[in-house]
Amino acid sequence: MARQYFGTDGIRGRINKAPMTAETALRLAIAAARTFAPEGGREVVIGRDTRRSGEMIEAALVAGLTSMGVKPVRLGVVPTPAVALITRETGAALGFMVSASHNKYEDNGLKLFSPEGVKFTDNVEESLEAAMGAAFGGDYAPPAAIAEPTSMAGAGRRYIGRCLETIGKGQDFSRLKVVLDCAHGAGFETAPEALRRLGAQLTLIGAEPDGVNINAGVGSTATGALKAAVLETGADIGIALDGDADRLIVVDETGEEADGDQVMALIASEMHRTQRLKGGGMVATVMSNMGLDEYLKSSGLSLARTKVGDRYVGEHMRQHGYNLGGEQSGHIILSDVSTTGDGLLAGLQVLAVLAARGGKASSLLRVFEPAPQKLVNIRYTGPNPIESDRVKAALAEADALLGSRGRMVVRKSGTEPLIRVMAEALDAELMQRALALVADAVKAQA
């Protein structure tokens, strides 16, 4: 069915424009309450990031839930993985995170988590879409059953504690000089506190949210400030979170980025060495580099691929017994602790290896030699260019050109009007030729 609300990762869009309105949040809360707590009386946790519109959307959720006799538990400003964790550990009926992730403050979004702390499947989202359409036509709780919202103190501390448990007792980061960029977002308190507890020599940027500066020139999608700070302070490593702290980008001591594939390879190798890796490998998406696949094979491990979206990675992990997976963009799931992407949790694993082994981050994070790969984002108006005959013909020609020596991935963004064209090949010139074929066709139709 055509979707009116849900995209790749929940509901997201420009605030006060469909679908991202207070009415949408109200409809979703009512529909979710009827679906997951039809008898009322259950708790539902709500977290948010730092953008100005967060409290407005939270208020709409609270209104919808209380009207159905469901008790909202407000966590305040916390990372997305904290919402997933607390939903699971408290036995809540579900969890809401109010965030547009790496988008600027003009946007906002809604992510949902099941009682198990996992993102819903496409089928559940489609059922919720139908229920949202009829939300205002059903019965509400009688006056005596209208719920009273509460706030949970210490949600951030609880989340920090679970993250720190993953690296064991006695860890000492006091020799590490770390620059941490919190994107003026949801992790601006929890991430610095975690690193301070471990004794890291910490330089903070992006940790002064004002409601409108989230992801503005900082964070995982704007790493210039982080790179400059790493070089200026002589830091050993830099870590950037995004607005809801469910992903990270790592920068080495030379100011160079190590993408999520290298970070996942490092974590996989350490988990394999310590016999903690489950499933005989890990899970990534179609966007991950061929070099990661080859590296894992050399260690007797496998790489399973899914379509883009950390929820699809998580689904595959749960179905097939893996405990590590993620996306090249930096969403990394360590499912022994977290059920969704977690920037702090992944960052702690990297820092723990660096603290234990010493040496340079630039060497540590060059785990494998990546195959030449390039991604082009093309903005479009009107119909989806991928559906055009011209783009289909160009893609067929590029696939024939690459053969077994490379691959193309062309997809529509689930959060913006963009077509993402990725080409990868063992030979850089071949990759560029294939990329140009498809990108030119998409631009012509955009």
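Anything mentioned here points back to the structure above.
> How should the overall build of the protein chain be read in this particular structure?
Secondary structure assignment for the protein chain yields 14 helices and 19 strands. Projected onto the principal axes, the alpha-carbon positions of the protein chain cover approximately 70 × 60 × 40 Å. By residue count, 57% of the 446 residues in the protein chain fall in the buried class. A fraction of 71% describes how many contacts in the protein chain between residues 6 or more apart in sequence connect residues 24 or more apart. Roughly 17600 Å² of accessible area belongs to the protein chain as shown, and the carbon and sulfur atoms make up 49% of that amount.

> Could you clarify how one ought to interpret unusual backbone geometry in this entry?
A negative phi angle is the norm for most residues apart from glycine, just as the trans form is the norm for most peptide bonds. Here the residue pair A18 and P19 is connected by a cis peptide bond, since its omega of 5° sits within 30 degrees of zero. Tracing the backbone shows P19 in the loop between strand 2 (10–14) and helix 1 (22–36).

> Sorry, what's going on with the packing of aromatic side chains here?
For any pair of aromatic rings, the description rests on two quantities: the centre-to-centre distance and the angle between the ring planes. What the rule picks out here adds up to two aromatic pairs. Both rings, one in F36 and one in F120, keep their centres 5.0 Å apart while their planes meet at 15°; by these two values the pair is stacked. Residue F36 is found in helix 1, and its partner F120 is found in the loop between strand 6 (107–113) and helix 4 (122–133); the two are separated by 84 residues along the sequence. Note on F120: relative accessible area 8%, which makes it buried. Between the NZ or CZ atom of R27 and the centre of the ring of F136, over which it lies, the distance is 4.1 Å.

> I tried to follow the sheet that holds strand 5 (residues 94–98) on my own but got confused; where do I start?
As a general point, the strands of a sheet are linked pairwise by backbone hydrogen bonds and lie either parallel or antiparallel. If you trace the seven strands from one edge of the open sheet to the other, you get 1-2-6-5-3-4-7, paired in mixed fashion. Looking along the sheet, the strands with just one partner apiece sit at the ends: strand 1 (6–7) and strand 7 (150–151). Taken together, the six bridges between strand 3 (residues 43–48) and strand 4 (residues 71–77) define a ladder with parallel strand orientation. Across the sheet, the residue bridging to I46 is R74, located in strand 4.

> Help me understand helix 4, please; the structure alone is not making it clear to me.
Owing to its 3.6 residues per turn, the α-helix brings residues three or four apart onto one side. An ideal rise of 1.5 Å per residue puts 16 Å on twelve residues; helix 4 measures up with 17 Å between its terminal C-alpha atoms. When helix 4 is considered as a whole, its buried residues turn out to be E125, L128, E129 and M132. Angular distribution of buried residues about the axis of helix 4 spans 110°; they occupy a single face of the element. Away from its buried face, by an angle of more than 90 degrees, helix 4 presents the exposed residues N123 and A130. Where helix 4 is buried, its residues meet strand 1, strand 2, helix 1, strand 6 and helix 10 (310–320).

Quick notes on the rules
Residues numbered from 1 in each chain as written. Predicted model: local features only at pLDDT ≥ 70, side-chain atom pairs only at ≥ 80, totals over all residues. Heavy atoms only, no water. Helix = DSSP H or I, 4+ residues; strand = E, 2+ residues; numbered from the N terminus. Buried < 20%, exposed > 50% of the residue type's maximum accessible area, 1.4 Å probe, protein only. Contact = heavy atoms within 4.5 Å. Areas by Shrake-Rupley, 256 points an atom, 1.4 Å probe, with all protein chains shown as cover. Phe/Tyr/Trp six-rings, centres within 6.5 Å; stacked < 30°, edge-to-face > 60°. Lys NZ or Arg CZ within 6 Å of the ring centre and 35° of its normal. Pairing = 2+ DSSP bridges. Expected span 1.5 Å × (residues − 1). Arc of directions from axis to C-beta.

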